[in-house]
Amino acid sequence: MAQPYESDEENDAAFVYPGFEFEEETENHLESEEEEDDEEYIPVVNSPRVVGNVSLNPGRVSVEEERSKRRRAEHGGEGGGETCSLIADENAESSQGREWNRTQIDGLFCPICMDAWTSEGDHHISCLPCGHIFGLSCISRWLKQSRSSAKCPQCNRKCTLKDVRKLFAPRIAVIDEESQKTIRSLEVKCASLEKKSADWCRKESEWQKREAELQLKVNQLTERTTYLEHLVEDMQSRSNVPFTAGRNSQGHKIPGIINSKLCCRGSSSIFVLERELQVDGARLFDIDAFGQILLLVRRLPKIGGSHVLTKMNLLPPHESEDILLPSSMKIIKDLHISPFNGSHALCASLGEKLSVLSMESNSVILSYDLLGPAWSCCWDLHSSYYMYAGLQNGLLLAFDMRQTRGPVESSPGLTNNPIHTLYSVQSNSSSGVRTLLSASSIGICQWNFGSTEERPSLVPQTANQGVCISLAHCLSGDDVVVTFRPKVEMTNEMAYSQSSLTPCSISGRGVLGSHLHLKRVGDKYEQLGISCATVSNIQLPRSVIVDRENEKPLFAAGDEETLGLILQELPTFKFDQSLKSHKHHICDVKYTSTLTQGLLGCLSEDRLQLYSSKMR
């Protein structure tokens, strides 16, 4: 477009386009035309004006706001035409306060009056044969003024009033390639920024979730710290009671436990139910007296019968978590937490695996392949590296955690019957002999690893009592209680006569069996007492000896008639206490010492009961 220029007299100068010179009579004719049409025609060349709300400054384009509003009102009154401008009506508010240069508005407004053309009325969008576009009233007036020398205001091509043609289009916009490239570039940047914003929002959500989890752990640790501080204050208040070492379920010494012999002198203990937890598919459990952790073996029917270890905290707020086990382990037959620091747990499974689980990472850190399914396991009392596994074929294996290839020692049993219970017992450590007690269907055997006698020896008192189904051992007093049930079938090798027992009522859930109390003296065993009992005719029950040190120990075992836990005083098997009954068979029993009292656990398939010893 040809660039017009401004005359010396501001706002009243005539148009001057290249190639055109107006005479005075042209101005007179223009005045007569304005009077005849009764409208104010103000040609503008670089005069300050306003188009809509868009300010066009000198050097660009500008218009006085008042004149622009009056002109739009006049055009609206005459024709009421709908504006086709992309800015004047639709983007008036968004364009307020902005400045556009001339190249940005060419093609949007009439180049004569710089007003937006319309699709109706006097200022209808029109064009000349050369293709340049103007408002109808503006180009008509221009051509009337020029008369004989009528030319296009932009290209100076000759034309007449008859050459003016109206254009019918709702909206006209000229596409600028450079602008389109800029728009596409900005769109790409906008999409990139939106993606980054979404990523930051996602990360912020993850951080907030992590922060909430950490805050929950902080609250739990604070609550636990408060609980332990109260325990310490309670212990300090009893400054006249000295501290000594207590013992857990296998007789291992636990530092920092009150010696019941000193604080319970002259009194007896009774177990009170502290907590009862609902569990599903429970089989075994063990208690870590150091970290106050409870470890449960469960089977989950909803996940294809997968086996899990559920780790629960005995301190407030009692949080718990499930640890999935490899499917190759199959059914876990025995479980023991390390008696030294509680950092590891030992699992014996029918998948011919002996596995060591880290209690810190909740993962299997060591796994041994066995020569057959494992039925029992235990830790060595004298070394944190040694552990043992009793197999289904009667073989006993010894392992050293420092050697991961396989067992360091193995010894065959007296028969091929499974070793269902295994204990490490005290021995003369200076001699290097490691002594173990095992239980199989023929009775209990003593094993001496590291000695010249590798074969186990059967304890004579257990040879003719029936089928051995349970073994409980108390390390501190070397007390042993063996549970038997009658033999259904006996081969010629095992045709021993059973001792006569006092008659006892037999329920539909169990059969008449017996408990035999022995005391270990050196390498020999003395029989102290025997009692009849209702025992399971299918299951291998578990039992435990509660060591009270200053008093006679208690024997705790499940009763098949009541499905409850019965406590009997040894060696007389005098009834002491009957605990709350279960709905199902009792699977496991454990006893340990906590900071202030004894803790007795009783597990069935659907619930776990925790009892604490109280003073009478």
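What counts, and at which threshold
- Residues numbered from 1 in each chain as written.
- Predicted model: local features only at pLDDT ≥ 70, side-chain atom pairs only at ≥ 80, totals over all residues.
- Heavy atoms only, no water.
- Helix = DSSP H or I, 4+ residues; strand = E, 2+ residues; numbered from the N terminus.
- Contact = heavy atoms within 4.5 Å.
- Areas by Shrake-Rupley, 256 points an atom, 1.4 Å probe, with all protein chains shown as cover.
- Buried < 20%, exposed > 50% of the residue type's maximum accessible area, 1.4 Å probe, protein only.
- Pairing = 2+ DSSP bridges.
- Axes fitted to C-alpha atoms, helices over the stretch in contact; angles between N-to-C directions.
- Salt bridge = Lys/Arg side-chain N within 4 Å of Asp/Glu carboxyl O.
- pLDDT = per-residue confidence, 0-100.
- Core = buried A, V, L, I, M, F, W, Y, C linked by side-chain atoms within 4.5 Å.
- Phe/Tyr/Trp six-rings, centres within 6.5 Å; stacked < 30°, edge-to-face > 60°.
- Lys NZ or Arg CZ within 6 Å of the ring centre and 35° of its normal.
- Polar contact = N/O pair within 3.5 Å; in protein donor to acceptor, adjacent residues only side chain to side chain.
- Disulfide = S-S within 2.5 Å.

(A) Region of the structure containing the overall build of the protein chain. Across its full length, the protein chain holds six helices and 35 strands. Nonlocal contacts in the protein chain, meaning residues at least 24 apart in sequence, comprise 52% of its contacts between residues at least 6 apart. Carbon and sulfur atoms make up 49% of the accessible area of the protein chain, which totals about 31500 Å².

(B) Highlighting the pairing of strand S21 (residues 421–425). The element S21 is extensively covered by neighbouring structure, given that five of its five residues are classed as buried. Alternating positions in S21 separate into two faces, Thr-421, Tyr-423 and Val-425 on one and Leu-422 and Ser-424 on the other, with burial throughout. Across five bridges, S21 lies against strand S22 (residues 434–440) in antiparallel orientation. Pairing of Leu-422 across the sheet is with Ser-438, part of S22.

(C) Here's a closer look at the sheet that holds strand S13 (residues 332–337). Pairing is antiparallel across the open sheet formed by four strands, whose spatial order is S13-S14-S15-S16. Each edge of the sheet is formed by a strand with only one pairing partner; in this case those strands are S13 and strand S16 (363–369). Each strand axis lies, on average, 20° off the axis of its neighbour in the sheet, ignoring direction. Relative to strand S14 (residues 344–349), S13 is paired through five bridges, and the arrangement is antiparallel. Paired with Asp-334 across the bridge in S14 is Ala-348.

(D) Region of interest: helix H4 (residues 136–146). For H4, the tally of buried residues reaches ten of eleven residues, placing the bulk of the element in the interior. Inspection of H4 places Leu-136, Ser-137, Cys-138, Ile-139, Ser-140, Arg-141, Trp-142, Leu-143, Gln-145 and Ser-146 among the buried residues, and these make up the whole buried set.

(E) Structural view of the sheet that holds strand S5 (residues 165–166). A sheet is described by the order of its strands in space; here three strands give the open sequence S4-S3-S5, paired in antiparallel fashion. Strand pairing shows two members of the sheet lacking a second neighbour, strand S4 (133–135) and S5, which therefore form its edges. The sheet contact formed by strand S3 (residues 125–127) and S4 spans three bridges and is antiparallel. Residue Cys-127 lies in a different strand from S4, and its bridge partner there is Ile-133. Each of S3, S4 and S5 is contacted by H4, which is oriented at about 95° to S4, the strand it contacts most.

(F) The pattern of salt bridges, seen in detail. Applying the stated rule across the entire model yields 16 salt bridges. Residue Arg-607 pairs with Glu-276 through a salt bridge whose shortest N-O separation is 3.3 Å. Of the two residues, Arg-607 is situated in strand S35 (residues 607–615) and Glu-276 in strand S8 (residues 269–278); the sequence distance between them amounts to 331 residues. Under the relative-accessibility criterion, Glu-276 is labelled partly exposed at 28%. For Arg-434, the salt bridge is made with Asp-380, and the minimal N-O distance between the two is 3.9 Å.

(G) Main features of the pairing of strand S31 (residues 564–569). For S31, a buried count of five out of six residues is recorded, marking the element as mostly surrounded by other parts of the structure. With antiparallel pairing between neighbouring strands as the criterion, strand S30 (residues 554–559) and S31 make up a hairpin whose turn holds four residues, including Leu-563 at a positive phi of roughly 60°. One ladder, built from four bridges, connects S31 with strand S32 (residues 574–578); its direction is antiparallel. By the bridge assignment for S32, Gln-568 is matched with Phe-575. Between S31 and S32, which pair antiparallel and follow one another directly, the connecting turn spans four residues, one of which, Phe-573, has a positive phi of 60°.

(H) Structural context of the confidence of the model for the protein chain. For the protein chain, per-residue confidence averages 75 on the pLDDT scale, and residues scoring 70 or more make up 70% of the total. Under a pLDDT of 50 for its full length, residues 1–64 has, in the predicted model, 121 contacts with residues more than four places off or in other chains. Overall, residues 239–268 carries pLDDT values under 50, and its contacts beyond four positions in sequence, including any with other chains, amount to 80 contacts.

(I) Quick peek at the nonpolar core. Within the largest apolar cluster, 17 residues are counted, with the highest numbers of intra-cluster contacts made by Leu-346, Leu-354, Val-356, Tyr-368, Leu-370, Met-387 and Phe-399. Elements that contribute at least two residues to this core include exactly S14, strand S15 (353–358), S16, strand S17 (374–379), strand S18 (386–391) and strand S19 (396–400). In this structure, Leu-346 is in contact with Asp-334, Leu-335, His-336, Leu-354, Ser-355, Val-356, Cys-377, Cys-378, Trp-379, Met-387 and Tyr-388, ignoring residues within four places of it in sequence.

(J) A look at unusual backbone geometry. Look at the link from Leu-570 to Pro-571: it is a cis peptide, with omega at 5°. Summarising the element assignment, Pro-571 is placed in the loop between S31 and S32. One non-glycine residue with positive phi stands out, namely Asn-156, at about 65°. Residue Asn-156 is classed as partly exposed on the basis of its relative accessible area, which comes to 28%. The phi torsion at Leu-563 lies on the positive side, around 60°, for a residue other than glycine. Tracing the backbone shows Leu-563 in the loop between S30 and S31.

(K) Local environment of the packing of aromatic side chains. For the structure on display, the rule yields five aromatic pairs. Judged by centre distance (4.6 Å) and plane angle (45°), the rings of Tyr-368 and Phe-399 are tilted. In this pair, Tyr-368 sits in strand S16 while Phe-399 sits in strand S19, placing the two residues 31 residues apart along the sequence. Of the two residues examined, Tyr-368 and Phe-399, each falls in the buried class. Sitting above the plane of the Tyr-385 ring, Arg-402 keeps its charged end 4.2 Å from the centroid. Positioned above the aromatic ring of Phe-285, the side-chain terminus of Lys-590 is 5.5 Å from the ring centre.

(L) Here's a closer look at the side chain of Arg-548. In this fold, Arg-548 is placed in the loop between strand S29 (543–546) and S30. By relative accessible area, Arg-548 is classed as buried at 9%. At 3.3 Å, the side chain of Arg-548 and the side chain of Glu-551 are in polar contact.

(M) Looking closely at the side chain of Asp-606. Among the secondary structure elements, Asp-606 is positioned in the loop between strand S34 (598–604) and S35. A polar contact of 3.1 Å, which involves the side chain of Asp-606, links it to the side chain of Ser-604. Residues within four places of Asp-606 in sequence aside, it is in contact with Leu-277, Gln-278, Val-279, Lys-583 and His-584.

(N) Here's a closer look at the state of the cysteines. This structure, assessed with the given rule, holds zero disulfides. Note on Cys-159: no disulfide assigned, nearest cysteine sulfur contributed by Cys-152 at a separation of 6.2 Å. We note that Cys-445 lacks a disulfide partner, and the nearest cysteine sulfur, in Cys-468, lies 9.2 Å from it.

(O) Spatial organisation of the environment of Tyr-385. By the secondary structure assignment, Tyr-385 is in the loop between S17 and S18. You can call Tyr-385 partly exposed: its relative accessible area is 38%. For the pair Tyr-385 and Phe-399, spaced 14 residues apart in sequence, the C-alpha separation works out to 8.0 Å. If sequence neighbours within four positions are ignored, Tyr-385 has contacts with Phe-399, Asp-400, Met-401 and Arg-402.

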